[in-house]
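Remarks on the overall topology
Spelled out, the chains give:
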Number of protein chains: 2
Amino acid sequence: MSVEPFDAVQVITAKRDGGVVPEDALRWMVDAFTRGYVSDAQMASFAMAVLQRGMERDEIRVMTDAMIASGERMSFAKLGKPTVDKHSTGGVGDKITLPLAPLVASFGVAVPQLSGRGLGHTGGTLDKLESIPGWRAALSNQEMFDQLSDVGAVICAAGSGLAPADKRLYALRDVTGTVEAIPLIASSIMSKKIAEGTDALVLDVKFGSGAFMKDIDRARELAETMVALGTDSGVATTALLTDMSVPLGLAIGNANEVRESVEILAGGGPADVRELTVALAREMLALAGLPDADVEAALDGGQAMDVWNAMIRAQDGDPDAALPVPRETHVVTASSSGVVTRMEALPFGIAAWRLGAGRARAEDLVVHAAGIDLHAKPGDRVEAGQALFTLSADDDARFDRALDALEGAWEIGDAASDVGPLVRERITA
Amino acid sequence: MSVEPFDAVQVITAKRDGGVVPEDALRWMVDAFTRGYVSDAQMASFAMAVLQRGMERDEIRVMTDAMIASGERMSFAKLGKPTVDKHSTGGVGDKITLPLAPLVASFGVAVPQLSGRGLGHTGGTLDKLESIPGWRAALSNQEMFDQLSDVGAVICAAGSGLAPADKRLYALRDVTGTVEAIPLIASSIMSKKIAEGTDALVLDVKFGSGAFMKDIDRARELAETMVALGTDSGVATTALLTDMSVPLGLAIGNANEVRESVEILAGGGPADVRELTVALAREMLALAGLPDADVEAALDGGQAMDVWNAMIRAQDGDPDAALPVPRETHVVTASSSGVVTRMEALPFGIAAWRLGAGRARAEDLVVHAAGIDLHAKPGDRVEAGQALFTLSADDDARFDRALDALEGAWEIGDAASDVGPLVRERITA
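**Observations regarding the overall build of chain A**
Helix and strand content of chain A: 16 helices and 13 strands. Taken against the 2.2 N^0.38 rule, which gives 22 Å for 429 residues, the C-alpha radius of gyration of chain A at 22 Å falls within 12% of a compact globule. Within chain A, buried positions represent 55% of all 429 residues. Considering only residue pairs separated by 6 or more positions, chain A has 78% of its internal contacts joining residues 24 or more positions apart. Summing over all exposed atoms, chain A offers an accessible surface of approximately 16500 Å²; the carbon and sulfur share of this is 49%.

Below is the structure:
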C-alpha cells in the first residue's frame, strides 16, 4: 500500500480550480515528481493549471524552495566578502555579463556568475567566452571558491547538482506548451540563483522583439515576481526592465561580442553597452553596500580590465590571444540615403543563429567566428551604398537563409522615430 | 526527419491561449496520441487547457469524430427498423435501462444498449443484469445484430473496438485532474454512442448529490453540449435533466434493482422509477417516429414484460430463476415519529458500494445480493421504531462502514420540504 501523504489529482485539482496549494502538499508534489512517483503527465497538467490560474507569492516561494531542496546548496559565507550575481532573461547581442562581472569584482565584491549556453536566437555567455583560446567553462566547486577568493569574479557553467528537479520540469514544460507560466519561469531562474548561495542578485529583465517577453507588462510581472521571490528567500534582489527591441551594441555572435566587451573594459565601446553595464554594476554594488562606487572610473582607469585578464587566465584562457576570424563575410549596404529608423532585434538574432553563432539543439556546436557586425544603429544617418552590417560565417551557403530572416528587419527613412530609454524601469522590494 | 504535419506544442498553445484549434490540427492531435507520437504529458497539458478554455461546438464535433476514427464503427442500417439508444450519466438506484430497453422495443424499435460496469458509488447496468443466473454480457457483433432483429432490445458490454483513443484518454484524465472538462466528457460519452451506429439517442443527464454533476447549471451545459454534438454528428439527440439528490426507487444494489425493474415491467413499482421510465421511453419513441405510442399501456398490458423475458433468454439468462439473496441484513429504524424530510443520494450510494454492491477497482467483483432497500422516501410519514431501510451484505462486518457513510444522510422532521419535479428540463436541438 502507498504511504504517500498526498495525491497528485488533489494537488492538480486545487490549482485547477484557482485555489492555493498548501505548503506541505506543494513540497510533496515537487519531491514526488523528482522521485518519479508523480508522472510527467500529472506534472504537465499541473503546469498548465499554474499557467492558467497563477500562483500566490507564498506558493512561488515554496515551489522554489522545494526545487532547491532537490539538489545541492552552495555557500560562499566563508569568503569573507559580499557576493552579488546578475541574471539576464536573454537578448540579442547581450554580452553584458562579460564586462560586468570583472567591473563589479574590481570593487572587492565577489561575483559568482553561473551561466548557460545559448539555445535558439539568444546567445549564451559560455559560448561567447569559449571563443577565447584555452578558456574552460567547467570548474569544480573548490576551483570556483578559490577563484572568487583570489580574483573576485568567476563566470562558469552551472553544475547539474543545483535544483535538478528544475531541469526535469523545464524539459517537460518545453514540450507541453507551459514554458510561459510566469510563476514557473520565476521559480526556474531563481531556484538556481538561490541554490548558488549569492547574497544579492540584480535581474536584467528584457522586453521587446528580441526578448523572451515581447511585452513590457509581462516583463514587469516577471520582474516583480522574481524580486518578491528573491526577497522572500533571503536574497536582496533588484530588477531593471530594459529595452530589447534593438540589438545591444554592434556585435551579435560570439568572438565579436568578446571583442566588444574588451572595448567596454578599455573604457570605449558602444554607448548602449556601456550604459547598461554601468547601470547594472551600480545596482549590484548598491546591494553589496557600495552605493557610491565610481563605476565609470573603474572602466576608464583599467581596474575592471585587470580583473578581466586575471579571470580569463584563472580559467586557462589567454586574454591576449587572437580571437577566431570568419572564413566568409557578406556586407549589406544601404539602398537609399537617410536615417536608420528601425533595426528589429529578433530577426537579427535569428540571422546570427542561422549563420552558426547559435544552436538549434543542445548537442550542436557553435561557430565562434560567425555572427553579425552592425555598422549603423537606429538614429544614425547613412548614405546610399554605405555598409549597414556585415554577416560572417564559415560557409557562404549560410548567407541566403540569414538574409531571408533579415527581410524587412530594418528601415531607412527621413527621420528616426523617438525611442524610449534603454533602462525603462527599476523594480525593488 | 519527422514528417508530422503539426506539432503538439503548437496545438496546446492555441488552446492554452483561448484559440480555436483548426480541424486538421485537432484530428492530427488525436491520431498522433493514438499512435503514441503525442505523449501522455502533452495530451494531459492539452486536456487541462481544454478544461480551462473550453472548446467551440465544431471543435467538439471534430475531436469526437477523431476519437471514433480511432476504432471500428458499427451500423444497424440493414436491420430495417429505427434504432434508438439511451445514456444516463449515472446515479444511485438508477436501473432505468432495464425496464426501458424492452419497453421501447415492444413498439418495434431496435434498442442497442451498450453498457458498462460500475466504478465508485454509481452502479453499472451489466453488474445488475449479471444477478440473473446464466445471463451473459459479452456478445459478438453478429449476436447483437441478430438479437436486435429478433427481440428488438439488447443490453450488452461495449467491445473494446469502439473509440479506443477515448479509453486511453479517459484513463489519462482520471489521473491528471481533467475528468471534469465538459467538452471531453461530452466527447467521451458520445464517441462511443455515435460509433455504435444508433439513429437516435436520449440522454438522462442527472444533477444533485448522487450525480457526477452536483450542479444543475453544469449538468445543463453538459446536456446542451451533447445534444449539439449528437445533432452535428447525424444522431437525433434529446436530453432530460433529472434530479438525483434522492435515490431513484427503493432498491440500491444489483439483484434488488433487477427485482424492482421487473415490478415496473409488471405495471407496478415505485412511482419515481415508473415516471422516469415512461418519460425516457416517450422521448426515445418520439425520436423513432412514434410520438403517440401508448407507453403506459405497454407496461400495464405485459408487452414490455414479454420483450424483457425474450431479451434475458436470448443472452442465456433465466428470467424465472430466483435472484441471489443476502446472507446478512441489518435494519435501520426511525428514532422518532414524523415525516422523512431528506434522504441524500450520495451517502446511500457510498453505503451500498461499501456493502459490496460496487467496486473500487475495475478488477473487483461485486456481491449481487448486497445493497440497500428503502422502506420510506422523503415525504413519507414514519413512526418511531418503524423500519426506514435494510442493509444487505454477505458479511456483517461490512455494516459499520456502511453506517458511517450514512451518518447524517437522512432526516425526520415535522413536514416534508418541497422538492422539484424529477424531470426538471428537456433539452432538444
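**Thoughts on helix α15 (residues 345-357) of chain A**
Residues and elements named next belong to chain A. The end-to-end C-alpha separation of α15 is 15 Å, well short of the 18 Å expected for 13 residues at 1.5 Å each. The complete set of buried residues in α15 reads Ala-345, Pro-347, Phe-348, Gly-349, Ala-351, Ala-352, Leu-355, Gly-356 and Ala-357. Packed against the buried residues of α15 are β6 (251-253), β8 (338-343), β9 (371-374), β11 (387-393), α16 (399-406) and β12 (410-413).

**Concerning the interface of chain B and chain A**
Of the residues lining the interface, 21 residues belong to chain B; the matching set on chain A comes to 21 residues. At the boundary of chain B with chain A, total buried surface from both sides reaches about 1500 Å², with 61% on carbon and sulfur atoms. Considering only the surface of chain B that becomes buried against chain A, B:Arg16, B:Met48 and B:Gln52 emerge as the three largest contributors, covering 35% of it. Scanning the region where chain B abuts chain A turns up two salt bridges. The closest approach of N and O atoms between A:Arg16 and B:Glu180, which form a salt bridge, is 2.7 Å. Where chain B meets chain A, there are 12 residue pairs in polar contact (both at pLDDT 80 or more). When contributions to the side of chain B that touches chain A are tallied by element, the ones reaching two or more residues are α1 (8-16), α3 (40-53) and α8 (164-175) of chain B. Sort the elements by how many residues they give to the side of chain B that touches chain A and α3(B) lands first, with 10 residues. Classifying every residue of the side of chain B that touches chain A by side-chain character gives nine nonpolar, seven polar and five charged.

**Here we look at the pattern of salt bridges**
Residue and element names in this part refer to chain A. Under the counting rule described, the total for this entry stands at 68 salt bridges over all chains. For Lys-193, the salt bridge is made with Glu-196, and the minimal N-O distance between the two is 3.9 Å. Of this pair, Lys-193 and Glu-196 both sit in helix α9 (residues 182-196), three residues apart, which is roughly one turn of the helix. Of the two residues, Lys-193 and Glu-196, both sit in the buried class. When salt bridges that share partners are traced, they join Glu-23, Arg-27, Asp-58, Arg-61 and Asp-65 into one network.

**Some words on the sheet that holds strand β12 (residues 410-413) of chain B**
A sheet is described by the order of its strands in space; here three strands give the open sequence β10-β8-β12 (chain B), paired in antiparallel fashion. Looking at which strands have only one partner, the edges of the open sheet turn out to be β10 (381-382) and β12 of chain B.

**Digging into the side chain of A:Ser187**
All names here are of chain A. Residue position: Ser-187 is located in helix α9. You can call Ser-187 buried: its relative accessible area is 1%. Every residue in contact with Ser-187, bar those within four places of it in the chain, is listed here: Met-63, Thr-64, Met-67 and Leu-229.

**A word on the confidence of the model for chain A**
Summarising the model, chain A shows a mean pLDDT of 94, and 99% of its residues fall at 70 or more. Scored as a whole, the predicted complex attains pTM 0.90, and scored at its interfaces, ipTM 0.88.

**Examining the relation of the copies chain B and chain A**
With an axial shift of 0.1 Å and an RMSD of 0.1 Å, the rotation relating chain B to chain A amounts to 180°. On the angle and the small slide along the axis, the relation comes out as a two-fold axis. No C-alpha of chain B lies nearer the rotation axis than that of B:Ala41, which sits 1.9 Å from it. The fraction of interface residues of chain B whose copies in chain A are also interface residues reaches 100%, indicating that both copies meet through the same surface.

**Examining the sheet that holds strand β7 (residues 328-333) of chain A**
Residues and elements named next belong to chain A. One open sheet holds the four strands; their spatial order is β6-β9-β11-β7, and the pairing between them is antiparallel. Of all strands in the sheet, those bounded by a partner on one side alone are β6 and β7. Strand-to-strand twist across the sheet, computed as the mean angle between neighbouring axes with direction ignored, equals 15°. α16 rests against β7 and β11 of the sheet, and its axis sits at about 140° to β11.

**What about the environment of A:Thr198?**
All names here are of chain A. With respect to the helices and strands, the residue Thr-198 is situated in the loop between α9 and β4 (200-207). For Thr-198, a relative accessible area of 5% gives the class buried. Those residues within four positions of Thr-198 in sequence are excluded, and the remaining contacts are Thr-83, Val-84, Asp-85, Pro-112, Lys-193 and Val-235. At 2.8 Å, the side chain of Thr-198 and the backbone oxygen of Ala-200 are in polar contact.

**Considerations on the pairing of strand β3 (residues 153-157) of chain B**
Residue and element names in this part refer to chain B. With four of five residues buried, β3 lies mostly within the body of the structure. Here strand β2 (residues 111-115) pairs with β3 via five bridges, running parallel. Opposite Pro-112, over in β3, you have Val-154 as the bridge partner.

**Section: the nonpolar core**
Within soluble globular proteins, side chains that are nonpolar tend to cluster in buried spots. If you look at the biggest cluster of nonpolar residues, it comprises 132 residues, and the most contacted ones within it are A:Phe46 and B:Phe46. Sequence-distant contacts of B:Phe46, defined by excluding residues within four places in its chain, comprise B:Val11, B:Ile12, B:Lys15, B:Val21, B:Leu26, B:Met29, B:Met55 and B:Met63.

**Some words on a negative patch on the surface**
All names here are of chain A. On the surface, a cluster of negative charge is made up of Asp-395, Asp-396, Asp-400, Asp-404 and Glu-407. Mapped onto the elements, Asp-396 comes out in the loop between β11 and α16. Assessed through its relative accessible area of 45%, Asp-396 is described here as partly exposed.

**A word on the packing of aromatic side chains**
Residues and elements named next belong to chain A. The tally for this structure, following the rule as stated, stands at eight aromatic pairs over all chains. The interplanar angle of 50° and the centroid separation of 6.1 Å between the aromatic rings of Phe-6 and Trp-28 together place this pair among those described as tilted. Residue Phe-6 is located in the segment before α1 (8-16), and its partner Trp-28 is located in helix α2 (residues 23-35); the two are separated by 22 residues in the primary sequence. Classification of Trp-28 by relative accessible area gives buried; the value is 6%. Geometrically, the ring pair formed by Trp-28 and Tyr-37 is edge-to-face, given 6.1 Å between the ring centres and 70° between the ring planes. Exposure remark for Tyr-37: the relative accessible area of 42% places this residue in the partly exposed category. An aromatic cluster of three or more residues is present, and its members are Phe-6, Trp-28 and Tyr-37.

**Examining empty space enclosed by the protein**
Residues and elements named next belong to chain B. For the coordinates displayed, the defined rule picks out two cavities of 30 Å³ or more. In this structure, the second largest cavity occupies an estimated 110 Å³ of space. For the second largest cavity, the lining is made up of 17 residues, of which His-121, Thr-122, Gly-123, Ala-352 and Ala-357 are closest to its centre. Sorting the residues of the lining of the second largest cavity by element identifies β6 (251-253) and α15 (345-357) as the ones contributing at least two each. Of the residues forming the lining of the second largest cavity, the biggest block, four residues, is contributed by α15. Summarising the domain contributions, the lining of the second largest cavity has at least three residues from each of domain 2 (77-162 + 177-321) and domain 3 (328-413).

Reading guide: rules and limits
- Residues numbered from 1 in each chain as written.
- Chains lettered and ligands numbered in written order.
- Predicted model: local features only at pLDDT ≥ 70, side-chain atom pairs only at ≥ 80, totals over all residues.
- Heavy atoms only, no water.
- Helix = DSSP H or I, 4+ residues; strand = E, 2+ residues; numbered from the N terminus.
- Rg over C-alpha atoms; globule rule 2.2 N^0.38 Å.
- Buried < 20%, exposed > 50% of the residue type's maximum accessible area, 1.4 Å probe, protein only.
- Contact = heavy atoms within 4.5 Å.
- Areas by Shrake-Rupley, 256 points an atom, 1.4 Å probe, with all protein chains shown as cover.
- Expected span 1.5 Å × (residues − 1).
- Buried area = accessible area lost by both parts, 1.4 Å probe.
- Salt bridge = Lys/Arg side-chain N within 4 Å of Asp/Glu carboxyl O.
- Polar contact = N/O pair within 3.5 Å; in protein donor to acceptor, adjacent residues only side chain to side chain.
- Nonpolar A, V, L, I, M, F, W, Y, C, P; charged D, E, K, R; others polar.
- Pairing = 2+ DSSP bridges.
- pLDDT = per-residue confidence, 0-100.
- Least-squares fit on C-alpha atoms with pLDDT ≥ 70 in both.
- Axes fitted to C-alpha atoms, helices over the stretch in contact; angles between N-to-C directions.
- Core = buried A, V, L, I, M, F, W, Y, C linked by side-chain atoms within 4.5 Å.
- Patch = residues over 30% accessible without salt bridge, like charges linked within 9 Å, V, L, I, M, F, W, Y side chains within 5 Å.
- Lys, Arg positive; Asp, Glu negative; His and termini not counted.
- Charge placed at Lys NZ, Arg CZ, Asp CG, Glu CD.
- Phe/Tyr/Trp six-rings, centres within 6.5 Å; stacked < 30°, edge-to-face > 60°.
- 1 Å grid on protein atoms, 1.4 Å probe; cavity = no way out; pocket = protein on both sides within 12 Å on 5 of 7 lines; lining within 4 Å.
- Points joined across faces, edges and corners; volume = space filled by probe spheres on them.
- Domains from an automatic or database assignment.

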